[in-house]
Amino acid sequence: MKRILVTGGAGFLGSHLCERLLKEGNEVISLDNYFTGQKRNIVHLMDNPYFEVVRHDVTMPFFIEVDEIYNLACPASPIHYQYNPIKTVKTSVMGAINMLGLAKRIKAKILQASTSEVYGDPQVHPQKESYWGHVNPIGLRSCYDEGKRVAETLFMNYHHQNNVRIKIIRIFNTYGPRMHPNDGRVVSNFIVQALKGENITVYGDGGQTRSFQYVDDLIEGMIKMMGTGEDFTGPVNIGNPGEFTILELAQKVIELTGSKSKIVFEPLPSDDPMQRKPDISLAKEKLNWEPKIHLEDGLKKTIEYFDNLLKENG
Ligand code: NAD
Ligand code: UDP
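Here is what the cut-offs are and how they apply
- Residues numbered from 1 in each chain as written.
- Chains lettered and ligands numbered in written order.
- Predicted model: local features only at pLDDT ≥ 70, side-chain atom pairs only at ≥ 80, totals over all residues.
- Heavy atoms only, no water.
- Near = heavy atom within 4 Å.
- Polar contact = N/O pair within 3.5 Å; in protein donor to acceptor, adjacent residues only side chain to side chain.
- Areas by Shrake-Rupley, 256 points an atom, 1.4 Å probe, with all protein chains shown as cover.
- Helix = DSSP H or I, 4+ residues; strand = E, 2+ residues; numbered from the N terminus.
- Nonpolar A, V, L, I, M, F, W, Y, C, P; charged D, E, K, R; others polar.
- Expected span 1.5 Å × (residues − 1).
- Buried < 20%, exposed > 50% of the residue type's maximum accessible area, 1.4 Å probe, protein only.
- Arc of directions from axis to C-beta.
- Contact = heavy atoms within 4.5 Å.
- Phe/Tyr/Trp six-rings, centres within 6.5 Å; stacked < 30°, edge-to-face > 60°.
- Lys NZ or Arg CZ within 6 Å of the ring centre and 35° of its normal.
- 1 Å grid on protein atoms, 1.4 Å probe; cavity = no way out; pocket = protein on both sides within 12 Å on 5 of 7 lines; lining within 4 Å.
- Points joined across faces, edges and corners; volume = space filled by probe spheres on them.

Q: Could you give an account of the site of ligand 1, with specific residues and numbers?
A: The full set close to ligand 1 counts 30 residues, and Leu 13, Asp 32, Thr 36, Tyr 144 and Lys 148 are the nearest of them. At 2.9 Å, a backbone N or O of Phe 35 approaches an oxygen atom of ligand 1. Contact between ligand 1 and Thr 36: an oxygen atom at 2.6 Å from a side-chain N or O atom of the residue. Across the complex, the protein chains shield 96% of the 820 Å² of accessible surface that ligand 1 would expose by itself. Looking at the shell around ligand 1, the elements that each hand over two or more residues are helix 1 (12-23), helix 3 (85-106), strand 5 (109-115) and helix 4 (142-162). Ranked by residues supplied to the shell around ligand 1, first place goes to strand 5 with three residues. Here the residues of the shell around ligand 1 are counted per class, giving 14 nonpolar, eleven polar and five charged.

Next up, the structure:
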């Protein structure tokens, strides 16, 4: 049995990770300040005596004895990370410093949840880990993108300078149950709009693309990455290479929900990347991992989740 710390454990991805790690027989500690996460996401785990919940902000030092750390704490949706951009940078950068300092002191292995946003609005397609990215350092998204880029720098520096055992994964757009219904991300927005019969808000002409990964595939990749040998630090892309335009996604959601919602077009937010698709050959080679869940199957599970949530909330 390993003792594992998950920062951001009450968030969308963190809650799935805690659940899976507990299922595998580990002792798990969720650390979260509940900025975007919710107790609701982990309440079903609280009866488990091997699960502990800590309310804490990663920008402050934290001391604990664990074998592994998964560092997920950071708001991930544009609405949330732009709400207080200075805090977003602090969470990424000071959070990374605090967690790396802890990992160094207790000799724990530590994994960073980085993001495809480090590639910015990419000029290379699909994106390989060797691509350095195309990020506007002073744009609306920079608090998140640059914060995550510095976090990667810190991880590499702690590895080279202090021999900390690090793992970096670059997560591409992930969706599934427990996404926050109001966080403005495209999958949750479209599903909630379709279920309520409201207009589906496509930004721009809907020709921009994303590659959508179902949460279970990501968690599998994350755990496999943590299990790799010391010589492999990443960064490694974890995403589903199936690429769809936002308009195609809107049409698929309408079809699967049987909704009467109409598609409406709204202005494209600034610095919105035009295309995004992971090259996952490195993950296939090093982790023997590739996503298994097709968009349609993942959307059906997510629609069911939001349908129940909306009924519960009246
Ligand atoms: P989320 O907002 O649901 O989860 C983030 C969690 O971190 C929340 O529970 C939040 O309360 C917590 N948190 C935020 N600031 C904190 C702080 N200062 N101290 C302690 N806890 C704090 O988002 P998510 O989608 O679950 O994302 C989790 C991680 O994965 C993030 O680091 C994000 O950057 C990364 N990621 C997610 C995606 C995606 O598509 N979901 C894509 C790329 C990267
Ligand atoms: N988007 C949209 N309508 C919405 C929400 C998002 O058209 O109601 C678009 C958004 O402009 C972007 C894409 O969907 O091009 C993905 O947005 P999201 O915020 O989910 O993720 P990110 O831009 O960070 O990849």
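Now that the structure has been shown, the text picks up again.
Q: Describe in detail helix 9 (residues 295-312), supporting the description with residues and values.
A: When the terminal C-alpha atoms of helix 9 are compared, their 26 Å separation across 18 residues agrees well with the 26 Å that a helix rising 1.5 Å per residue should span. Here helix 9 has its buried residues at Leu 295, Gly 298, Leu 299, Thr 302, Ile 303, Tyr 305, Phe 306 and Leu 309. Projected down its long axis, helix 9 shows its buried positions confined to an angular sector of 165 degrees, all on one face. Set apart from the buried face of helix 9 by more than 90 degrees, the exposed residues are Glu 304, Lys 311 and Glu 312. On its buried side, helix 9 packs onto strand 7 (174-175), helix 5 (186-196), strand 10 (213-214), strand 12 (243-245) and helix 7 (246-257). Gly 314, located one to two residues past helix 9, shows a positive phi value of around 70 degrees.

Q: Which residues make up the packing of aromatic side chains, and what values do they have?
A: Within this structure, the stated rule accounts for six aromatic pairs. For the ring pair Tyr 81 and Tyr 144, a centre distance of 4.3 Å and an interplane angle of 5 degrees mean the geometry is stacked. Taken together, the residues Tyr 81 in helix 2 (residues 78-83) and Tyr 144 in helix 4 connect sequence positions 63 residues apart. On the numbers, 6.1 Å between centres and 40 degrees between planes, the contact of Tyr 119 with Phe 172 is tilted. Linking Tyr 119 in the loop between strand 5 and helix 4 with Phe 172 in the loop between strand 6 (166-171) and strand 7, this pair joins segments that are 53 residues apart in sequence. Accessibility classification places Tyr 119 together with Phe 172 in one group, the buried group. Put simply, the rings of Tyr 119, Tyr 131 and Phe 172 touch in pairs and so form one group of aromatic residues. The side chain of Lys 39 reaches across the aromatic face of Tyr 34, ending 5.7 Å from its centre.

Q: Can you lay out helix 5 for me, pointing to particular residues and giving the numbers?
A: Counting buried residues along helix 5, eight of its eleven residues qualify, which places the element largely inside the surrounding structure. By the burial criterion, the buried members of helix 5 are Val 187, Ser 188, Asn 189, Phe 190, Ile 191, Val 192, Gln 193 and Ala 194. Close packing links the buried residues of helix 5 with strand 7, strand 8 (200-203), helix 7 and helix 9. Just downstream of helix 5 lies Gly 197, where phi reads positive at about 75 degrees.

Q: Explain empty space enclosed by the protein to me, and be specific about the residues and the numbers.
A: Counted under the stated rule, the structure contains one cavity of 30 Å³ or more. For the largest cavity, the full set of lining residues is Asn 71, Leu 72, Ala 73, Cys 74, Thr 91, Ser 92, Gly 95, Ala 96, Gln 112 and Lys 148. Looking at the lining of the largest cavity, the element that brings in the most residues is helix 3, giving four residues. Residue classes in the lining of the largest cavity are distributed as four nonpolar, five polar and one charged.

Q: Kindly report on the environment of His 56, identifying the contributing residues and their values.
A: Mapped onto the fold, His 56 is located in the loop between strand 3 (51-55) and strand 4 (68-71). Along the primary structure His 56 and Tyr 34 are separated by 22 residues, whereas in three dimensions their C-alpha atoms are 8.7 Å apart. In this structure His 56 touches Leu 31, Asp 32, Asn 33, Pro 61 and Phe 62, once residues within four positions along its chain are discounted. Within the structure, the side chain of His 56 is placed 2.9 Å from the backbone oxygen of Met 60, a separation counted as a polar contact.

Q: Residue-level account of the site of ligand 2, with values.
A: In the vicinity of ligand 2 lie 18 residues, with Thr 201, Tyr 203, Arg 210, Asp 272 and Arg 276 positioned nearest. The backbone of Val 186 places a nitrogen or oxygen atom 2.8 Å from an oxygen atom of ligand 2. In this structure, an oxygen atom belonging to ligand 2 sits 2.8 Å away from a side-chain N or O atom of Arg 210. Taking 520 Å² as the accessible area of ligand 2 by itself, protein coverage stands at 95%. Counting only elements with at least two residues in the shell around ligand 2, the list comes to helix 5 and strand 8. Residues belonging to the shell around ligand 2 are distributed by class as follows: seven nonpolar, five polar and six charged.

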